[in-house]
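Each chain is listed here by its residues.
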Amino acid sequence: MKKLKCLSLSDEIDIIEVESTFTRGLPGFSIVGLANTAIKESTERIKACLMSKNFAFPAQKITINLSPSGIPKQGSHFDLAIAILILLQKQDFKECFVFGELGLDGSVKSTNELFSLLLFLSTKLEKAEVLVPFSLAAKASMIPNLKVYAVNNLDEALEFFTSEQREKFLYSSTHPLFANPIFIKEKAYIQNTDFAFDFKDIKGQENAKFACLIAALGMHNILFEGSPGSGKSMCAKRLVYIMPPQSLNEILAANAYESLNSKECEFSSQRAFRNPHHTSTRASIFGGGTRGAKIGEVALANGGVLFFDEFPHFSKNVIESLREPLEDNQILISRVNSKVRYETKFIFVAAQNPCPCGNLFSHKLNCKCSELEIKRYKNRISAAILDRIDLYVAMDEVRSEDKSSFSSKELSDRVLQGFIFQKQRGQTEFNAKLKDEDLKHFCVLSKEALSTLELAIARFKLSQRAINKSLKVARTCADLKQSEIIEKEHLLEALSFRIKA
C-alpha cells in the first residue's frame, strides 16, 4: 500500500491520506472513504488521462481509500495524487502534499478552493512541502510555512517523484505588490496607492470627511443620514481607499475568503468592499444554504467595508441579524451537515434618508411626510442596532459655494501616521475591535477627560456599550493627534458623533 497526502474542506480543514492498493480479482477501479460526486467522477477522468499516455491498466483491482474514512471529502483536487499512486504503485514516496485536477490531455489544473486549502494548511503545520499546479504557484509560494513545487502536467509530476533533481520544480518568487512594503515594528504592510475614487470629488461635507478619517483609522461603524444627492454613497465608496495598509496575512485571508466564494483571486493592496442591494436575501448576506455553510457578504467584507445603502429598506430580519457579527466580529453558520465560523472584522457603513421622501433636512424642498410616516420609517432601525453604530453623521445640504478640500491621498497619509502610532504602542487590533478588557490598558484618560465622561454618562444615560464605543472612538481621535493619553478634546469629538436620542 502506498500513500500521498491531500486536504479536504468539510466542517474544517482536514489532512487526508490518499492510499492505494492493487489486489487480485476482477479488474476495476474504485474510490472509497465518503467521497462526493466530484471525486467519484475522477475515476473516468483519470482513466481517460492515463490511457492517452499509453498506460496499460494492470489486470488487478485498484482501490483508492481516502483516510480517515469517516470524514466527508469533496473537491476534484485529489486527481493528481490518485493518478500518481496508480502510475507509480511500486515506488516509495517522500512525505508531500499533492494537489491538482487532471485534464483529459494530462494537464494539471487548479480549483477554486485550492488556495484556501493551502492557506489553512500553513496554519496547521510549521513546515510542509506541497506540489501544486503551475498556475497557482505564484500565489502559493507567498504563503508562510510552505515549500512549493509546481508542475504543468502529469509528465512533470512523474518526473518530480522519480527524479533526484526535485529542486528544478521548486517555485520561489515575489509578487510585484510586495516589492516595496512598509515595515512597522519589523512587520511588512502593503499600502494602497490606487485612488480610483477620490474624496476630492466631494464638495463640502467637512464633518463627514473627518468622520471617514476616524472610521478608516479605527475601523468604526458609521451611519450617514441626509437628503438624496448629499454625498452619502460617495463617502462610503471612497472610505475603503484610505484605510490602513494590509499585512501579508490579511491579504492572504481576503483571498482565501474570495476563493471560498468561487472567485478567481488576485492580490490587491485595496481592502474588500461589499455593497449588497437592499433586496438581497438573508442567506446571501450572512451565508448559509440548505446543504452546506456557504460564505456570505458579511464574511467577504472581513478586513474592509460592508456598505448598506438605503439602510431602512433592508428587511427587518436582515437588519436585526447584524447584531452578532457587529458585536462579536465573527459569525457561526450552523447547518445539519456543516458548521463554519468566519471572521467579520469590517467597517459597517449605512446610508439612509431622514424621511421616506428624503427632504426633511432640506432648506430648498418641502418634506411631504407625516409624523407617523417618519416615525414608522425611523423605527425600522432598532435601538440595539443604532447602539452598535460608532459614528453618526448628519450630511449637510450641498450648496453652490461648496468647494473640494482634502484628497484621498492626503487622508490616507494621515491614517497611515495614526496607524503607525497605534502599532508602536503594541496594539494588534484596530481600536473599534479592541476587547473590553483591553480598554484600561490602551484607553487612558486625562483627569479632564474622565470628568467629562462622567458628566456625559449622567446627562445622556449612556449604556456600557455606548461608553466603551465612545472610548474607542476617542482613542482613534487621539491617535490622529499622536497623543498617548485621551484628552478632553478627543472625548468631546467622539461624543459629538454619538446618535442623539
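Here, the structure is the one placed above.
Residues numbered from 1 in each chain as written. Predicted model: local features only at pLDDT ≥ 70, side-chain atom pairs only at ≥ 80, totals over all residues. Heavy atoms only, no water.

## Some points on the overall build of the protein chain
At step 1: Counting secondary structure elements, the protein chain contains 20 helices and 19 strands.
At step 2: If you line up the protein chain on its principal axes, its C-alpha atoms span 85 × 50 × 45 Å.
At step 3: A buried classification covers 52% of the 501 residues belonging to the protein chain.
At step 4: For the protein chain, the share of sequence-separated contacts (at least 6 apart) that also reach a separation of at least 24 residues comes to 74%.
At step 5: Of the roughly 23400 Å² of accessible surface on the protein chain, 51% is carried by carbon and sulfur atoms.
At step 6: Here the protein chain contributes 66 positively and 59 negatively charged side chains, and the mean placements of these two sets differ by 3 Å. (Helix = DSSP H or I, 4+ residues; strand = E, 2+ residues; numbered from the N terminus. Buried < 20%, exposed > 50% of the residue type's maximum accessible area, 1.4 Å probe, protein only. Contact = heavy atoms within 4.5 Å. Areas by Shrake-Rupley, 256 points an atom, 1.4 Å probe, with all protein chains shown as cover. Lys, Arg positive; Asp, Glu negative; His and termini not counted. Charge placed at Lys NZ, Arg CZ, Asp CG, Glu CD.)

## As for the sheet that holds strand β13 (residues 246-247)
At step 1: With antiparallel pairing, 3 strands are arranged side by side in an open sheet as β10-β11-β13. Two strands in the sheet have a free side with no partner beyond their single neighbour: β10 (182-184) and β13.
At step 2: Here 2 bridges tie strand β11 (residues 187-190) to β13, and the two strands are oriented antiparallel to one another. Looking at the pairing, Ile 190 lines up with Gln 246 of β13.
At step 3: Those strands touched by helix α16 (residues 408-424) are β10 and β11, and its axis lies near 35° from that of β10. (Pairing = 2+ DSSP bridges. Axes fitted to C-alpha atoms, helices over the stretch in contact; angles between N-to-C directions.)

## Observations regarding the side chain of Ser 122
At step 1: As for its placement among the helices and strands, Ser 122 is situated in helix α4 (residues 114-124).
At step 2: Of note is the side chain of Ser 122, whose polar atom sits 2.6 Å from the backbone oxygen of Leu 119.
At step 3: Residues within four places of Ser 122 in sequence aside, it is in contact with Ile 143, Pro 144, Asn 145 and Leu 146. (Polar contact = N/O pair within 3.5 Å; in protein donor to acceptor, adjacent residues only side chain to side chain.)

## Section: the packing of aromatic side chains
At step 1: Considering all chains together, one arrives at 18 aromatic pairs under this definition.
At step 2: When the ring of Tyr 189 is compared with that of Phe 419, the centres are 5.4 Å apart and the planes differ by 85°; the resulting orientation is edge-to-face. Of the two residues, Tyr 189 sits in strand β11 while Phe 419 sits in helix α16, which places them 230 residues apart along the sequence.
At step 3: Residue Phe 419 is classed as buried on the basis of its relative accessible area, which comes to 2%.
At step 4: Ring centres 5.6 Å apart and planes at 85° place the aromatic pair Tyr 257 and Tyr 342 in the edge-to-face group. Of the two residues, Tyr 257 sits in helix α9 (residues 248-260) while Tyr 342 sits in strand β17 (residues 339-343), which places them 85 residues apart along the sequence.
At step 5: In textbook terms, an aromatic cluster arises when at least three aromatic residues are bridged by ring pairs, as seen for Tyr 149, Phe 160, Phe 161 and Phe 169.
At step 6: Here the basic side chain of Arg 166 rests over the ring of Tyr 149, its NZ or CZ set 5.5 Å away from the ring centre. (Phe/Tyr/Trp six-rings, centres within 6.5 Å; stacked < 30°, edge-to-face > 60°. Lys NZ or Arg CZ within 6 Å of the ring centre and 35° of its normal.)

## Here's the deal with α16
At step 1: Helix length check: α16 (17 residues) gives 24 Å between terminal C-alpha atoms against 24 Å at 1.5 Å per residue, within 8%.
At step 2: Those residues of α16 that sit buried are Ser 408, Leu 411, Ser 412, Val 415, Leu 416, Gly 418, Phe 419, Phe 421, Gln 422 and Lys 423.
At step 3: Positioned one or two residues after α16, Gly 426 has a phi angle of 90°, which is positive. (Expected span 1.5 Å × (residues − 1).)

## Remarks on the packing of α4 against α9
The packing of two helices is summarised by the inter-axis angle and the distance between the axes.
At step 1: For the pair α4 and α9, interaxial distance at closest approach is 8 Å and the crossing angle is 140°. Classified by the interaxial angle, the pair formed by α4 and α9 is oblique. Seen along the crossing, α4 lies across α9 with a hand that is left-handed. Packed against α4, whose contacting residues are Phe 115, Ser 116 and Leu 119, the element α9 presents Leu 252, Asn 255, Ala 256, Ser 259 and Leu 260 at the interface. (Parallel < 35°, antiparallel > 145°, perpendicular 65-115°, else oblique. Left-handed = near helix turned anticlockwise from the far one by under 90°.)

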